[in-house]
Amino acid sequence: MRPTTYHRGRSGYLRRKRMTAALSVVAAFLTLAVLTVAQPSADATAQAAALPYQDASLAVDERVDDLLARMTLDDKIGQMTQADKDAIVPQSDVKTYRLGSVLSGGDGTVSPNTAQTWADTYDALQRQAVATPLAIPMIYGIDAVHGANAVRGATIFPHNIGLGATRDPALVERIGRAVAEEVTGTGVDWTFAPCLCVARNDRWGRTYESFGETPELVSSMATAVDGFQGADGPGSVPASVLATAKHYIGDGGTTNGTDQGNTQLTEAELRSVHLPPFKAAVDRGVGSVMLSYSSWNGVKVHGHKFLVTDLLKGELGFDGFVVSDWAAVDQLDGQTGFTADEVSRAVNAGVDMVMVPTDYKKFISLLRAEVNAGRVPMSRVDDANRRILTQKFRLGLFEKPLTDRAYTSTVGSAEHRALARQAVRESQVLLKNEGGVLPLAKSAKLFVAGKSADDIGNMSGGWTMSWQGRSGDITPGTTVLEGIREAATDSSRVTYERYGNGIDGSYTAAVAVVGETPYAEGRGDRPGAMGLDQEDLQTLAKLKASGVPVVVVLVSGRPLDIAAQLPDWKALVAAWLPGTEGGGVSDVLFGDHRPTGKLPMTWMRSASQQPINQGDGKDALFPYGHGLTYGAVTEPEPEPEPTPTPTPGTGICTVTAKVTSSWSGGYQADVTVRNTGTAPLTGWAASWDLGARTITNVWNGTLTTSGGRATVRNTAWNGTVAAGGTVTFGYTANGSAAGLPAPDCTATTGG
Ligand code: GLC
């Protein structure tokens, strides 16, 4: 019998509130009995759920209301606590402390490392969670950032920098779906992906986790969220996995590219460059957002109420939950460990779940004390729980808390590997092809060299089988060398010697697969030189000395400083970090796939140019978007037929300037250009008389001054403004803001 429909009216809420704990215990016992014996059988699930929150036919917010009304403070604090699997000793602490979430950090693993073992581990932890009085399932998170990359035998896809080179958001969505299936097969419900960081300085050790250097490119790849969750949000498809937009906000914009550093930008710049990808993810219903370790103008994001609550939850309307990064709360006071003050500061700023991740008992007691002392309002605790529980209900965890073993066999499946190979093909960027040395003939006599030619670990990079990754045969896959040999007409004509020893002039060409060895996060920061290592340089010197044409395949997590060596190379392919399907690289080398990749990052001429990005006027070795193909030898891919565009004309726009801060002798202004016409703008310019003022800095625009007037025009990436749309640029100036004239606006449309 269905329970009476519960209204959300005050009386209904109060009535439910009066339900005795005994009823909850009965419900938990019933749930435990079913789960302990087996997954609920047909007749068991057919029984009416004992309590409203267990009734899947009710609306999610009704279920949340009902459950919240039954929860104690300990239940609620438990939901806000995320602990690392390996720190939970004994495992029954999940039940004892009512932990709402478990994670495996980068080095989290199981033994033996198989999908089955992961699923068994997950189920054991989940059984502890649903043995709590209210039987609230825990949610398990992991960094499945380029596959179920903690699981040996899983399909490892290209890291995001390579996916950015594909310019193929639909492919990225399909990859998200495949990863979700493999992750589901291991029991895990939540991935800490996609990273929607906009990497502005290639020195950053996480550059490869970024889809690119522009907000447009990164925003376009928010389709990964739909892949992981389903297009209609968490739980909207089978094998739906909660996605995480990370790391909010400005992680890729720190000064000098220092990981966890300080992002020194005005609000206008932060909003223009680093916010759009998160808006794109929120608009796609992303269920969680992870905060960035970094600071904004000296203030840690993890304690920044304006950024987290006002901007993300308020202005963007994010209704999922905010999770901290690993032990990030500990950093708020600059001392090791975490304190009650740090806990309340983070939670009050808007953190809903804290990735503690080890001393969960201390966290729980500190938060309880802060709530009881009134320093964390109960309303904040309830809001956090509402956000967390909503995602758990949407995912269906209450109905199916244990692993769906039907998906375990998808881990490393041929279908997923084929998809990964397509992604590898599409991510290859042909940067140089002198004399059409590429594509290679499959009958050619080839000499293959380089430390990454036969190394799955190097091809996969960080976040693969371990946090930092490592060189070597770390998981099953196809190396670039194996791909070349499989494609060759006669594999005996393909010689491999890592260091180039033995090469002579009898070879058609030499293929050198060189670049970076694995790293993750700050350990990958490169504040100094950004060139090839000594082994690679020595190998390349041997190949060059033979007089054989050299084709370089660069396996790296970022552009490298290779301008000095480039003249010695007949061809250069940026392979990025392709993962386990190296056949996708050989597909391009032999022309089975014409290269279509485009640079997601501007390629420096020298490390001294960092940061170097599109539109900054610096002289790059290869510009953002560069990528050659085959056919007319080295001619770039013919431009696609232009879609008919309206005849060029003048647009209609208005400009409003707002002084955002001023000081003695100077001021800063944000200037908004609005398209007040009916046709999209393709370019705009704002101009005004300077008077006694001089402009000292401009962002999101290009400045020219003449005859005492300043003119700021659009950059390459913000010239398009839809009818009714706006774009903002900013500037600082010496002089007084008083009497600032309203700028004139001119704009173009079409063509
Ligand atoms: C790391 C990373 C974050 C990751 C988390 C859990 O420090 O910053 O991207 O999701 O910890 O492993």
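Everything numeric here is computed off the predicted structure, so don't read it as measured data.

Digging into helix H16 (residues 360-372)
Next up, step 1: For H16, which comprises 13 residues, the first-to-last C-alpha distance of 18 Å matches the rise-based estimate of 18 Å (1.5 Å per residue) to within 8%.
Next up, step 2: Buried within H16 are the following residues: Tyr360, Phe363, Ile364, Leu366, Leu367, Glu370 and Val371. Looking straight down H16, one finds that the buried residues subtend no more than 170° of arc, so they occupy a single side.
Next up, step 3: Where H16 is buried, its residues touch helix H5 (73-79), strand E1 (81-84), helix H6 (93-96), helix H15 (340-349), strand E11 (354-355) and helix H17 (378-395).
Next up, step 4: After H16 finishes, the residue Gly374 shows a positive phi value of roughly 80°.

Examining the packing of H15 against H16
Next up, step 1: Where H15 contacts H16, the two axes come as close as 9 Å, and the packing angle between them is 70°. On the basis of their axis angle, the class for H15 and H16 is roughly perpendicular. Each of Ala340, Val343, Ser344 and Val347 in H15 lies in contact with H16, whose residues at this interface are Phe363, Leu366, Leu367 and Glu370.
Next up, step 2: Residues that form the contact of H15 with H16 fall into these classes: 6 nonpolar, 1 polar and 1 charged.

Quick look at the nonpolar core
Nonpolar side chains tend toward joint burial in soluble globular proteins.
Next up, step 1: Core analysis: the largest hydrophobic core is formed by 175 residues, its most contacted members being Tyr248, Leu438, Leu589 and Trp603.
Next up, step 2: Counting only domains with at least three residues in this core, you end up with domain 1 (21-409) and domain 2 (422-609).
Next up, step 3: Not counting chain neighbours up to four residues away, the residues in contact with Trp603 comprise Leu431, Leu554, Pro559, Leu560, Ile562, Ala574, Trp576, Ala620, Leu621 and Phe622.
Next up, step 4: Counting 22 residues, the second-largest nonpolar core is a separate cluster that includes Val655, Trp684, Ala710 and Phe729.

Overview of the site of the ligand
Next up, step 1: Inspection of the region around the ligand gives 14 residues, with Asp143, Arg206, Lys246, His247 and Asp325 positioned closest.
Next up, step 2: Side-chain polar atom of Lys246 to an oxygen atom of the ligand: 2.8 Å apart, as the coordinates give it.
Next up, step 3: Contact distances for the ligand include 3.1 Å between an oxygen atom and a side-chain N or O atom of Tyr293.
Next up, step 4: Here the ligand, which alone exposes 310 Å², has 96% of that area covered by the protein.
Next up, step 5: Its residues placed into classes, the shell around the ligand shows 6 nonpolar, 3 polar and 5 charged.

Comments concerning the sheet that holds strand E23 (residues 702-706)
Next up, step 1: Across the sheet, 5 strands lie side by side as E18-E26-E21-E24-E23; this open sheet has antiparallel pairing. The open sheet has two edge strands, strand E18 (649-650) and E23, and neither has a second partner.

Brief notes about the environment of Gly739
Next up, step 1: Note that Gly739 resides in the loop between strand E25 (726-734) and strand E26 (744-749).
Next up, step 2: Sequence-wise, Gly739 and Leu703 are 36 residues apart; in three dimensions their C-alpha atoms are separated by 21 Å.

Quick word on a negative patch on the surface
Next up, step 1: Together, Asp454, Asp473, Glu482 and Glu486 make up a negatively charged patch on the protein surface.
Next up, step 2: With respect to the helices and strands, Glu486 occurs in helix H20 (residues 480-487).
Next up, step 3: Judged by its relative accessible area of 57%, Glu486 is exposed.

Looking at the packing of helix H9 (residues 169-184) against helix H18 (residues 414-427)
Next up, step 1: Contact geometry for H9 and H18: axes closest at 10 Å, N-to-C directions at 145°. Where H9 crosses over H18, the two elements pack in a sense that is left-handed. Residue-level contacts link Leu171, Arg174, Ile175, Ala178, Glu181 and Glu182 of H9 to His416, Leu419, Gln422, Ala423 and Glu426 of H18.
Next up, step 2: Among the residues making up the contact of H9 with H18, the classes are represented as 5 nonpolar, 2 polar and 4 charged.

A look at the packing of aromatic side chains
Next up, step 1: Counted by the stated rule, this structure contains 15 aromatic pairs.
Next up, step 2: Arranged with centres 5.1 Å apart and planes meeting at 75°, the rings of Trp190 and Phe321 form a pair that is edge-to-face. In this pair, Trp190 is assigned in strand E4 (residues 190-191) and Phe321 in strand E10 (residues 321-323), connecting sequence segments 131 residues apart. Across this residue pair, the class does not change: Trp190 and Phe321 are buried.
Next up, step 3: Ring plane angle 10° and centroid distance 5.7 Å describe the contact between Trp684 and Phe729, whose orientation is recorded as stacked. In this pair, Trp684 is assigned in strand E21 (residues 681-689) and Phe729 in strand E25, connecting sequence segments 45 residues apart. Phe729 carries the same exposure label as Trp684, and that label is buried.
Next up, step 4: An aromatic cluster is built from Tyr53, Phe393 and Phe398, whose rings are joined through pairwise contacts.
Next up, step 5: Of note, Arg167 hangs over the ring of Tyr624, and the distance from its end group to the ring centre comes to 5.0 Å.

Cut-off values and rules
Residues numbered from 1 in each chain as written. Predicted model: local features only at pLDDT ≥ 70, side-chain atom pairs only at ≥ 80, totals over all residues. Heavy atoms only, no water. Helix = DSSP H or I, 4+ residues; strand = E, 2+ residues; numbered from the N terminus. Expected span 1.5 Å × (residues − 1). Buried < 20%, exposed > 50% of the residue type's maximum accessible area, 1.4 Å probe, protein only. Arc of directions from axis to C-beta. Contact = heavy atoms within 4.5 Å. Axes fitted to C-alpha atoms, helices over the stretch in contact; angles between N-to-C directions. Parallel < 35°, antiparallel > 145°, perpendicular 65-115°, else oblique. Nonpolar A, V, L, I, M, F, W, Y, C, P; charged D, E, K, R; others polar. Core = buried A, V, L, I, M, F, W, Y, C linked by side-chain atoms within 4.5 Å. Domains from an automatic or database assignment. Near = heavy atom within 4 Å. Polar contact = N/O pair within 3.5 Å; in protein donor to acceptor, adjacent residues only side chain to side chain. Areas by Shrake-Rupley, 256 points an atom, 1.4 Å probe, with all protein chains shown as cover. Pairing = 2+ DSSP bridges. Patch = residues over 30% accessible without salt bridge, like charges linked within 9 Å, V, L, I, M, F, W, Y side chains within 5 Å. Salt bridge = Lys/Arg side-chain N within 4 Å of Asp/Glu carboxyl O. Lys, Arg positive; Asp, Glu negative; His and termini not counted. Charge placed at Lys NZ, Arg CZ, Asp CG, Glu CD. Left-handed = near helix turned anticlockwise from the far one by under 90°. Phe/Tyr/Trp six-rings, centres within 6.5 Å; stacked < 30°, edge-to-face > 60°. Lys NZ or Arg CZ within 6 Å of the ring centre and 35° of its normal.

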